[in-house]
Amino acid sequence: MTYTVNCSILLTELPLLERPAAAKAAGFDAVEFWWPFESNVPGDAELTAFERAITDAGVQLTGLNFNAGNMPGGDRGLVSWKGRCSEFKDNVDAVVGIGERLGTKAFNALYGNRQDDYTPAEQDELAVKNLVYAAQGVAKIGGTVLLEPVSGTPAYPLKTAADVLAVIAKTQEAGVDNVKLLADFYHLAVNGDDVPAVIENHAKDFGHIQIADDPGRGAPGTGTLPLGEWITRSRELGYAGPIGLEYKSAAADAFSWTIRQQAN
Ligand SMILES: O=C(O)C(=O)CO
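About the cut-offs
Residues numbered from 1 in each chain as written. Predicted model: local features only at pLDDT ≥ 70, side-chain atom pairs only at ≥ 80, totals over all residues. Heavy atoms only, no water. Pairing = 2+ DSSP bridges. Helix = DSSP H or I, 4+ residues; strand = E, 2+ residues; numbered from the N terminus. Axes fitted to C-alpha atoms, helices over the stretch in contact; angles between N-to-C directions. UniProt positions renumbered as here; feature names shortened; annotations may be inferred. Buried < 20%, exposed > 50% of the residue type's maximum accessible area, 1.4 Å probe, protein only. Near = heavy atom within 4 Å. Polar contact = N/O pair within 3.5 Å; in protein donor to acceptor, adjacent residues only side chain to side chain. Areas by Shrake-Rupley, 256 points an atom, 1.4 Å probe, with all protein chains shown as cover. Phe/Tyr/Trp six-rings, centres within 6.5 Å; stacked < 30°, edge-to-face > 60°. Lys NZ or Arg CZ within 6 Å of the ring centre and 35° of its normal.

So, on to the sheet that holds strand β8 (residues 243–245). Around the barrel, which closes on itself, the eight strands sit in the order β1-β2-β3-β4-β5-β6-β7-β8 with parallel pairing between neighbours. Put simply, the sheet's adjacent strands are angled 30° from each other on average, direction ignored. In this sheet, strand β7 (residues 208–211) lies alongside strand β6 (residues 179–184) in parallel orientation, the contact comprising three bridges. Pairing of D184 across the sheet is with Q210, part of β7.

On to the UniProt feature "active site" (unreviewed entry) in the chain. If you check UniProt for "active site" (unreviewed entry), the listed places come out as E148 and E246 in our numbering. A stretch of 99 residues holds the annotated residues, and the largest C-alpha distance among them is 13.0 Å, short enough that they meet in one place. Inspection of the secondary structure assignment puts E148 in the loop between β5 (144–147) and α5 (161–173). Looking at E148, the relative accessible area reads 3%, which means it is buried. Mapped onto the elements, E246 comes out in the loop between β8 and α9 (256–263).

This part is about the site of the ligand. The ligand sits among W34, N65, M71, R76, N108, L110, E148, H187, R217 and E246. At a separation of 3.4 Å, an oxygen atom of the ligand approaches a polar side-chain atom of W34. Between the ligand and E246 there is a distance of 3.2 Å, counted from an oxygen atom to a side-chain nitrogen or oxygen. In isolation the ligand exposes 230 Å². Once the protein is present, 98% of that is buried.

With that out of the way, let us pick up the packing of aromatic side chains. The tally for this structure, following the rule as stated, stands at 11 aromatic pairs. Ring centres 5.4 Å apart and planes at 75° place the aromatic pair F37 and F50 in the edge-to-face group. Here F50 lies in helix α2 (residues 44–57) and F37 lies in the loop between β2 (30–33) and α2, a separation of 13 residues in the sequence. F50 gets classed as buried once you look at its relative accessible area, which sits at 2%. Following the ring pairs from residue to residue traces out a cluster consisting of F33, W35, F37 and F50. Sitting over the face of the ring of W81, R84 holds its NZ or CZ atom 4.4 Å from the ring centroid.

What follows is the structure in structure tokens.
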């Protein structure tokens, strides 16, 4: 099983730059991050420090989120955010640079919360343009843009796989074929989507899978979701990528479920 440790939600007791090495020490060869910088376009020193933390740890950065705004403050992406289009585009260029240097291929573009001052149609129109820009940018390095249904943020409009697939269809009409569904089984389940049906119908086209259990967004086994079953079925149907571990847990206990799994 190829897992990739999401170092923005796990190992958070440690400074960010120490997390890749901690993931390696815990037995993993791959990590992913939400946008790890304060600035939209980081300077050379910041970029070098982040990239060295990955390469010195001997892990692969499998995934990186585009700048999604102030996440602790509730923002969930710039893609549909009217007024921040040039910022988004500048960020795409920065992300492509990181991806090129680290061999990263999957880039998660959080869509953005609804804004009161604009119609959904206006925001969706911008979103498609921005997604096409991002898709063309990452295509230069063989990359894929991921689009994710998210829970827990009422103003975030993409709640189900169908919501995301409808946007992806518009990007395809606009001429790009490298925007893919990020199937986060936790977000989908919390939002009431039919996860087994999503897997049956779309697993071979998933751009990425992430997992957390529900309730609580904890490690597998802390809730009631049949995550192992869903992963196995996705693999049978052709999903070949890594599984992102995107759950909350104290570092000391974060990966004990994998040891229990090996023992069984
Ligand atoms: O905001 C979240 O919960 C995410 O999963 C971001 O990737």
